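One letter stands for each residue in the lines below.
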Amino acid sequence: MRHAFGLILASLIAAIVIAGVWYLTASPHASHATTQTVAARPSEPLPPSAGKLAAKDAPKDPAKDDVQVTAALSGKPPAPPAPAQQKPACANPNALGVSRVVVIDTLGGPGFGFEQFKQFDFLTDKEVVLTFDDGPWPGNTPAVLKALDDECTKAVFFPIGKHATYHPEILKQVLTAGHTVGSHTWSHANLNGKKMTDQLAVDEVEKGFSAVKMAIGSDPAPFFRFPQLQNNPAAVTYLGTRNVAMFSCDLDSFDFKAASAEQIINTVMTKLDKRGKGIILMHDFQKHTAEAMPALLQRLKAGGYKIVLMKAKTTLQTLPDYDAALVKDLKLPAVSSRPIGSVVQTVAQ
Ligand SMILES: [Zn+2]
């Protein structure tokens, strides 16, 4: 009797083991469980931008990927793909325009502008890249944008992080107009200064990019210019590890020293006629520069110069710690505020 009972028990155990093995290897549940494990990775609490990047980098294959990213966005429906920027027809038949658009692969941190970086001589004769530093600033930046728009031409902007937090709506206009937006540090500190440390330099770089991202609502181009063109060797190495392209210039307009718009135009045209091409350094922060732009662009057109727009192949993913620190510094609400009625209640009148 005991023997028979033992046999039945052994058979039962064997049946349970077989069923268990089938469940883990062959049942639809098992494969579903595996998918969930894979999907869990992008579901970690990442900022929405990181979710977007995950979506972009994810293998193109199955519709499954969309499902996983949807999960990462806390149940919200997936954001529709960004609408392709409508290119409005240029209203000016004699506009300077853009003759060439180049896409820069910033892997490893290439340098541009022969004043400091002599590796990539990609401009041909009469080709010019317009670059503007130190904005965004009321009055001057919108005036520069209007002058560029009137000539249907594009430029690269290197805004200061602090200025971006003061005037985010102006920097957004820069991006919306189709210009390239990089960064020029958080506070325009000299990264080669005596009191500068490697960590402070990294903070200036990262906080600057985070501020630009906060202003424009998307990851900036991995394009960077050192304040006062003061390249700090450790920072150059760091930017290389972050795959950020570094910009110097070929022609300095010295517009921040100029006493008039005319002086800026003369400086730029004289240097350009001598050199024949180049990346021009100007400042949308400066009033005289804003005043000089309409005439300067016409002089470039009349001189047979052609505008090249530099774009980045990828965007820079800002570091979440710096994004968060910036929000804290600026004392911005991290979550949407509660309605006033739930905070202030009249209990006696
Ligand atoms: Zn500057």
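Residues numbered from 1 in each chain as written. Predicted model: local features only at pLDDT ≥ 70, side-chain atom pairs only at ≥ 80, totals over all residues.

### Some points on the packing of helix α8 (residues 198–216) against helix α12 (residues 320–329)
Relative orientation of the contacting elements α8 and α12 amounts to 70 degrees, with a least axis distance of 9 Å. Accordingly, the angle class assigned to the pair α8 and α12 is roughly perpendicular. Crossing of α8 over α12 shows right-handed handedness. Listed contacts from α12 to Glu206, Lys207, Ser210, Ala211, Lys213 and Met214 of α8 are Tyr322, Asp323 and Leu326. When the residues that make up the contact of α8 with α12 are grouped by side-chain class, the tally is 4 nonpolar, 1 polar and 4 charged. (Axes fitted to C-alpha atoms, helices over the stretch in contact; angles between N-to-C directions. Helix = DSSP H or I, 4+ residues; strand = E, 2+ residues; numbered from the N terminus. Parallel < 35°, antiparallel > 145°, perpendicular 65-115°, else oblique. Left-handed = near helix turned anticlockwise from the far one by under 90°. Contact = placed C-beta atoms within 7 Å. Nonpolar A, V, L, I, M, F, W, Y, C, P; charged D, E, K, R; others polar.)

### Digging into unusual backbone geometry
In this model, glycine 135 is joined to proline 136 through a cis peptide bond whose omega is -5 degrees. Positioned with a positive phi, lysine 126 is a non-glycine residue whose angle comes to about 75 degrees. Summarising the element assignment, lysine 126 is placed in the loop between β2 (111–112) and β3 (127–133). The class for lysine 126 is partly exposed, based on 14 C-beta atoms found within 10 Å. Even without glycine at this site, asparagine 243 takes up a positive phi of about 55 degrees. Tracing the backbone shows asparagine 243 in the loop between α9 (233–241) and β7 (245–247). On the basis of neighbour counts, which here come to 18 C-beta atoms within 10 Å, the residue asparagine 243 falls in the partly exposed class. (Buried ≥ 20, exposed ≤ 12 C-beta atoms within 10 Å, placed from the backbone.)

### Let's talk about the pairing of β3
Extensive coverage of β3 is indicated by the burial of 6 of its 7 residues. Here β3 runs beside strand β4 (residues 156–158); their pairing, made up of 3 bridges, is parallel. For threonine 131, the partnering residue across the bridge sits in β4 and is valine 156. Each parallel crossover has a hand, and the one from β3 via helix α5 (residues 140–150) to β4 is right-handed. (Pairing = 2+ DSSP bridges. Right-handed = clockwise from strand over helix to strand, strands pointing away.)

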